[in-house]
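Survey of secondary and tertiary structure
Residue-level listing of the chains:
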Amino acid sequence: MDHLDRLEAQSIYILREAYRSFPNLAMLWSIGKDSTVLLWLTRKAFFSHVPYPLVHIDTAFKVPEMIRYRDEIAVQWDLNLVVGQNKEALAKGETFVNGLDRLSCCKKLKSDALKHTLDGTWARRKWNPYKKVWEDELNGAPYTGVIVGVRADEEGSRSKERVFSARDEKSEWDASTQPPELWNQYKTDFAPGTHVRIHPLLEWTELNIWEYIERENIPIINLYFNQGNGKRYRSLGCFPCTAPVDSVARNPKEIIEELTSGKFKDIAERSGRAQDKDGGGTLEALRKEGYM
């Protein structure tokens, strides 16, 4: 068993533990490489079936190809897809492109939308894989456990996470109160009202993700690859705040070469995400309020 096999086995174990422990479980799907790897692992863990809904928060500023890819995979794999959105903020123009600062925009379009989509207080738009139609759900039951594709190596605040990470009734996170996790012994029994995030990819690195994508031939969105213009995305987000990087990598193998011995060997993955540069601790501040 090699390192990727061990990571895969651990992640599958965590997914099954989450499914056993939380009766109303969901998984966040950002459409990026990490959460798509998590989706692939879910299908392996449950024999090509995804037994819980996938939640996507649509800020209305995602790169258009991301939404097309999302809908294509949802149809292809018969996914129970749930989409949440802060429609009020969008209607009022309370966004970065209309003059709001990036941190406030992220709070409204990501943190607030995520919180109210998960707790069911805002309407959810659901793809019905059996009828092949979109349906609106009002007053949906809250998701008490949510699987998220974050990794500890992405940035500082995520390195403070646990695999089973508790949030309070407001979905707020306090890194200092997280339970210890020793020898793969995870706390899955929490007080009523606790919202739990589950992180099966916490010990994976960016390099591990791409090695696994190459090994498994996972169908990743092509924005990660150079399409002939010498640029590609290394991290996906909203287009006003996420810039592509200069790169000629056209496939996972060439991305692996860039990460191990090439131009990105010592450059942080989120270096193209503008909201991470708007002041120290920006992303951690968002995450304390419920962001991924």
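Data block above holds the structure.
Owing to the predicted nature of the structure, the values given are computational and were not obtained by experimental measurement.

Side note on the side chain of Arg70
Note on placement: Arg70 falls in helix α3 (residues 64–76). Note on Arg70: relative accessible area 3%, which makes it buried.

Side note on the packing of aromatic side chains
Enumeration according to the criterion identifies 13 aromatic pairs in this entry. A centroid spacing of 6.3 Å and a plane angle of 35° characterise the contact between Tyr13 and Tyr186, whose relative ring orientation is tilted. Of this pair, Tyr13 sits in helix α1 (residues 3–21) while Tyr186 sits in the loop between β7 (164–167) and β8 (195–198), and the two are 173 residues apart along the sequence. Between the aromatic rings of Trp40 and Trp77, the centroid separation amounts to 6.0 Å while the plane-to-plane angle is 55°, which identifies the pairing as tilted. Here the residue Trp40 occupies a position in helix α2 (residues 33–45), and Trp77 occupies one in the loop between α3 and β3 (81–84), the gap between them amounting to 37 residues. Each of the two residues, Trp40 as well as Trp77, counts as buried. A network of ring pairs unites the aromatic residues Tyr13, Phe22, Phe164 and Tyr186 as a single cluster. Positioned above the aromatic ring of Trp77, the side-chain terminus of Arg43 is 4.2 Å from the ring centre.

A look at the sheet that holds β8
If you walk across this open sheet you meet the 8 strands as β5-β4-β3-β2-β1-β6-β8-β7, and the pairing is mixed. Of all the strands in the sheet, the pair left with one neighbour each is β5 (133–137) and β7. Geometrically, the sheet is characterised by an average inter-axis angle of 30° between neighbouring strands, direction not taken into account. Sheet analysis places β7 next to β8, joined by 4 bridges and oriented antiparallel. Each residue of the ladder has a partner; that of Ser165, found in β8, is Arg197. Strand contacts of α1: β1 (25–28), β6 (145–147), β7 and β8, with the helix running at about 40° to β7, the strand carrying the most contacts. This element, helix α5 (residues 102–118), spans β1, β2 (54–57), β3, β4 (124–128), β6 and β8 of the sheet and lies at about 145° to β2.

The rules we used
Residues numbered from 1 in each chain as written. Predicted model: local features only at pLDDT ≥ 70, side-chain atom pairs only at ≥ 80, totals over all residues. Heavy atoms only, no water. Helix = DSSP H or I, 4+ residues; strand = E, 2+ residues; numbered from the N terminus. Buried < 20%, exposed > 50% of the residue type's maximum accessible area, 1.4 Å probe, protein only. Phe/Tyr/Trp six-rings, centres within 6.5 Å; stacked < 30°, edge-to-face > 60°. Lys NZ or Arg CZ within 6 Å of the ring centre and 35° of its normal. Pairing = 2+ DSSP bridges. Axes fitted to C-alpha atoms, helices over the stretch in contact; angles between N-to-C directions. Contact = heavy atoms within 4.5 Å.

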